[in-house]
Amino acid sequence: MSTENLPQNPAAQPRKPRVAVVFGGRSSEHGISTVTAGAVLGAIDRTKYDVLPIGITRDGRWVLTADEPQRMAITDRRTPEVLDVAESTEGGVVLPVDPANREVVYSEPGAVPKALGEVDVVFPVLHGPFGEDGTLQGLLELSGVPYVGSGVLASAVGQDKDYMKRVFTSFGLKVGPYMVIRPREWQRDESAARKRIVDFAGEHGWPLFVKPARAGSSIGITKVEDLSGLDEAIAEAQRHDPKILVEAALSGREIECGVLEFEDGPRASVPAEIPPPSAHAYYDFDAKYIDSTPGVVPAPLTDEQTAELQRLAVEAFEAASCEGLVRADFFLTDDGEFVINEINTLPGFTPISMYPKMWEASGVGYAELVDRLIQAALRRPTGLR
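Okay, so let's go over this structure. (Residues numbered from 1 in each chain as written. Predicted model: local features only at pLDDT ≥ 70, side-chain atom pairs only at ≥ 80, totals over all residues. Heavy atoms only, no water.)

1. Section: the side chain of Lys211
Part 1 of the reasoning: Within the secondary structure, Lys211 sits in strand 9 (residues 208-212).
Part 2 of the reasoning: If we skip the residues at most four places from it in the chain, Lys211 touches Lys161, Gly220, Ile221, Ala237, Ile244, Leu245 and Glu247. (Helix = DSSP H or I, 4+ residues; strand = E, 2+ residues; numbered from the N terminus. Contact = heavy atoms within 4.5 Å.)

Set out below in structure tokens:
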């Protein structure tokens, strides 16, 4: 990539803040991350910011990509890949590790490394492990580069549904019945671990949801109706994460709420309801992104229920020490109680995703939402805070 257009004399020609949009990644959510990047790139105000799109391939290489959002869309039920928009498969991008230097460098084999200029803020749209879970956030903290979204601890807690539920419980938020099978437990005595799940089903009843403990976008989740489907569900969850979570099914409505960091603190959006998808057993990946099952915004709740849900969503945001944005997912049980299922610290962020749709219904459009997140990141220092 040429550096000819980069400002040569910042003192004489003040430059716009440069935003690096980082997407793709090594998780099973690589494709939807690329779709999200296309939406964010298309929404960033180019009169206000310079943009540097950086993709992470499935094998973990950082590459420069084309700034062409239209090529990052779902086509023929297929999600795009970073390699579909990579400018080169030979070169690599290197972020600084010195907080005094935010210069990004691009290098190719046999060529002199090229300076791409400084990055003022990173907008990560990585979903799942190796990006949403605190790993990228730790790298950016070491580099001294501000970034959109939660810090290391909150990102890690938000990724690991086991510890997320433990944090919520410690703050008095109600969670549904669940259990966890850790890798060593499964390796040590597979039959005993499986019996624990069967005993859990005996206590709470079927169906159960078996899912990876540290994945998102409903990938790897199986709704298990009876004992005959358990082994296959465990294998599917372990294909994405050796640590698995088993949850009892709750009878009620699925309600979501967005939380966004404003200048005066976090605020909650109007909520949305996710109706049971007619063509799917539950709200899985295909229902969310491929078939675009619509949510109901705003959710048909009473004023009192809406206020209570918004209060709980902000409480969950604060309990996990989140920053920037969160989507909080709840069940409204048949007896009228809100039970928190999980939070997402980097939720689905395409224009059809529920988080942007809830904020659009709350008066914050997609482009403004992107801008508010960038501005919040620029206001916030790295390091302990």
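2. Some thoughts on the packing of helix 7 (residues 190-204) against helix 8 (residues 230-238)
Part 1 of the reasoning: Contact geometry for helix 7 and helix 8: axes closest at 12 Å, N-to-C directions at 115°. Relative to helix 8, helix 7 is oriented so that their crossing is right-handed. Within the contact between the two elements, helix 7 uses Arg194, Ile197 and Val198 and helix 8 uses Leu230, Asp231 and Ile234. (Axes fitted to C-alpha atoms, helices over the stretch in contact; angles between N-to-C directions. Left-handed = near helix turned anticlockwise from the far one by under 90°.)

3. Things to note about the pairing of strand 1 (residues 18-24)
Part 1 of the reasoning: Taking burial as the measure, the 7 residues of strand 1 include 7 buried ones, the bulk of the element.
Part 2 of the reasoning: Bridge count for strand 1 against strand 2 (residues 50-56) is 7 bridges, and the pairing is parallel. Paired with Ala20 across the bridge in strand 2 is Leu52.
Part 3 of the reasoning: Traced from strand 1 through helix 1 (residues 30-43) to strand 2, the parallel crossover comes out right-handed.
Part 4 of the reasoning: Here strand 1 runs beside strand 7 (residues 121-124); their pairing, made up of 4 bridges, is parallel. Considered in strand 7, the bridge of Val21 is made with Phe123. (Buried < 20%, exposed > 50% of the residue type's maximum accessible area, 1.4 Å probe, protein only. Pairing = 2+ DSSP bridges. Right-handed = clockwise from strand over helix to strand, strands pointing away.)

4. Quick word on the sheet that holds strand 4 (residues 92-94)
Part 1 of the reasoning: With antiparallel pairing, the 3 strands of this open sheet are ordered in space as 4-5-6. The strands lining the two open edges of the sheet, one partner per strand, are strand 4 and strand 6 (114-118). Neighbour to neighbour, the strand axes of the sheet diverge by 25° on average, direction disregarded.
Part 2 of the reasoning: Pairing of strand 4 with strand 5 (residues 103-107), which is carried by 3 bridges, proceeds in the antiparallel orientation. Pairing of Val93 across the sheet is with Tyr106, part of strand 5.

5. With respect to the environment of Asp199
Part 1 of the reasoning: Tracing the backbone through its elements, the reader meets Asp199 in helix 7.
Part 2 of the reasoning: Overall, Asp199 belongs to the partly exposed group, its relative accessible area being 42%.
Part 3 of the reasoning: Put simply, Asp199 and Ser155 are 44 residues apart on the chain and 32 Å apart in space, counted from C-alpha to C-alpha.

6. Some remarks on the pattern of salt bridges
Part 1 of the reasoning: Tallying each qualifying case throughout the model produces 33 salt bridges.
Part 2 of the reasoning: Of the charged contacts in the structure, one is a salt bridge between Arg385 and Glu141, with a shortest N-O distance of 2.9 Å. Remark: Glu141 occurs in helix 3 (residues 135-143) and Arg385 occurs in the segment after helix 12 (366-379); sequence separation between them is 244 residues.
Part 3 of the reasoning: Close ionic contact of Asp199 with Lys195 constitutes a salt bridge, the shortest N to O distance being 2.8 Å. Remark: Lys195 and Asp199 occur in helix 7; sequence separation between them is 4 residues, near one turn of the helix.
Part 4 of the reasoning: One salt-bridge network, held together by shared partners, links Glu141, Glu261, Glu323, Arg380 and Arg385. (Salt bridge = Lys/Arg side-chain N within 4 Å of Asp/Glu carboxyl O.)

7. Topic: the nonpolar core
Part 1 of the reasoning: Ranked by internal contacts, the top residues of the largest apolar core, which has 34 residues, are Val21, Val40, Ile44, Phe123, Phe349 and Val370.
Part 2 of the reasoning: When residues of this core are traced back to their parent elements, those giving at least two are strand 1, helix 1, helix 2 (82-85), strand 7, strand 12 (252-262), helix 11 (354-361) and helix 12.
Part 3 of the reasoning: For this core, the leading source of residues is helix 12, giving 6 residues.
Part 4 of the reasoning: In contact with Val370, other than residues within four places in its own chain, are Val40, Ala43, Ile44, Phe123 and Phe349.
Part 5 of the reasoning: Counting residues in each nonpolar core, the second largest holds 27 residues, with Leu173, Val175, Cys322 and Leu332 among its members. (Core = buried A, V, L, I, M, F, W, Y, C linked by side-chain atoms within 4.5 Å.)

8. Re the packing of aromatic side chains
Part 1 of the reasoning: One pass over the full model with this rule turns up 5 aromatic pairs.
Part 2 of the reasoning: Plain terms: the ring middles of Phe349 and Tyr366 are 5.3 Å apart, the flat faces sit at 50° to each other, and that makes the pair tilted. Here the residue Phe349 occupies a position in the loop between strand 16 (338-344) and helix 11, and Tyr366 occupies one in helix 12, the gap between them amounting to 17 residues.
Part 3 of the reasoning: Among the residues examined, Phe349 registers a relative accessible area of 3% and is labelled buried.
Part 4 of the reasoning: Residue Tyr366 is classed as buried on the basis of its relative accessible area, which comes to 15%. (Phe/Tyr/Trp six-rings, centres within 6.5 Å; stacked < 30°, edge-to-face > 60°.)

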